[in-house]
Amino acid sequence: MLGKKKQKPRRSVGHFDTLISSRTTIEGDVRFSGGLHVDGKIKGRVLAEEGSDAVVRLSEVGEITGDITAPHIIINGKVNGDVRATSHLELAENAAINGNVYYRLIEMAMGASVNGNLVRQDETSGLLTHNKESVLSAESDGEGKSE
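Just so you know, these numbers come straight off a predicted model, no measurement behind them.

**A few points about the overall build of the protein**
- For the protein, the helix and strand inventory stands at one helix and 16 strands.
- Burial statistics for the protein: of 147 residues in total, 34% are counted as buried.
- Contacts in the protein between residues far apart in sequence, at least 24 positions, make up 5% of those at least 6 positions apart.

Pasting the structure below:
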């Protein structure tokens with residue numbers, strides 16, 4: 001037990017509060033917390049509640065036309081839009097994404113496809129950009145001055 005960090009228990013991937021069945025089509029944004037399982041079609045954005053530990057799972061028969069933003073995302077269907085997983089993203093073998101994918105941690109099975117950019121989100125990237133700008137401005141301030 002020495003040297004090991006205690007990890008927050010992950011939400012069970014078998015428990016979903018909301019089910020959108022294969023015979024259902026939703027037009028408009030879907031805002032949720034907890035677990036959302038999609039077998040049907042959504043034409044609109046799928047947004048998890050801010051600060052929640054929400055999970056969205058898109059099955060192999062599901063389809064979302066719009067952006068998805070949630071901490072935990074599991075995709076095995078079709079997405080036409082950007083995907084933003086603030087914690088963990090899993091792309092199963094039937095996943096097909098037409099859009100950019102933003103992630104912190106990603107698992108991608110053989111057969112999954114992404115037609116767009118894969119962009120790793122890192123908490124320190126803002127600091128690096130800020131530091132580069134400071135260095136560049138300091139260098140440009142020093143130009144043209146001679147002693």
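**Some details on the environment of His72**
- Its location among the elements puts His72 in strand β9 (residues 68–75).
- His72 sits 37 residues away from Gly35 along the chain, and the two C-alpha atoms are 9.5 Å apart.
- The residues contacting His72, other than those within four sequence positions of it, are Asp53, Ala54, Val55, Val56, Ser87 and His88.
- Only 2.8 Å separates the side chain of His72 from the side chain of Asp53, close enough to count as a polar contact.

**Considerations on the pattern of salt bridges**
- Across all of its chains, the model carries three salt bridges by this definition.
- Ionic pairing is found between Asp29 and Arg45, a salt bridge with its closest N-O pair at 2.7 Å. With a gap of 16 residues between them, Asp29 in the loop between β2 (25–27) and β3 (30–32) and Arg45 in the loop between β5 (41–43) and β6 (46–48) connect regions that are remote in the sequence.
- We classify Asp29 as partly exposed; its relative accessible area is 41%.
- Note that Asp82 is salt-bridged to Arg84, the shortest N-O span being 3.9 Å.

**Side note on the nonpolar core**
- Within the largest apolar cluster, 26 residues are counted, with the highest numbers of intra-cluster contacts made by Ile73, Ile75, Val83 and Leu89.
- For this core, the secondary-structure elements that each account for two or more residues are β3, β4 (35–38), β6, β7 (55–58), β9, β11 (83–91) and β13 (101–103).

**With respect to the side chain of His88**
- Structurally, His88 is set in strand β11.
- For His88, a relative accessible area of 6% translates into the label buried.
- Among the polar contacts made by the side chain of His88, one reaches the side chain of Glu107 at a distance of 2.7 Å.

Calculation rules
- Position numbers for residues count from 1 along each chain, tracking the sequence in the order it is written.
- Note on the predicted model: pLDDT of at least 70 is required for a residue's local features to be given, and 80 or more for side-chain atom pairs to be given and counted; whole-chain, interface and lining totals, by contrast, use all residues.
- Excluding hydrogens and water, the side-chain values take into account all heavy atoms of the structure.
- In DSSP terms, a helix is any run of H or I states spanning at least four residues, a strand is any run of E spanning at least two, and both are numbered starting from the N terminus.
- Exposed residues in this analysis have more than 50% of their type's maximum accessible area, buried residues have under 20%, and partly exposed residues fall in between, with area computed by a 1.4 Å probe over protein chains only.
- In what follows, residue pairs with any heavy atoms lying within 4.5 Å of each other are defined as contacts.
- Throughout this description, a polar contact denotes any pair of N or O atoms lying within 3.5 Å of each other; where both atoms belong to protein, one of them has to be capable of donating a hydrogen while the other can accept it, and for residues adjacent in sequence the pair is counted only when both atoms sit in side chains.
- In what follows, salt bridge is the name for a side-chain nitrogen of Lys or Arg lying within 4 Å of a carboxyl oxygen of Asp or Glu.
- The definition of a nonpolar core used throughout is a set of buried Ala, Val, Leu, Ile, Met, Phe, Trp, Tyr and Cys residues joined through side-chain atoms within 4.5 Å.

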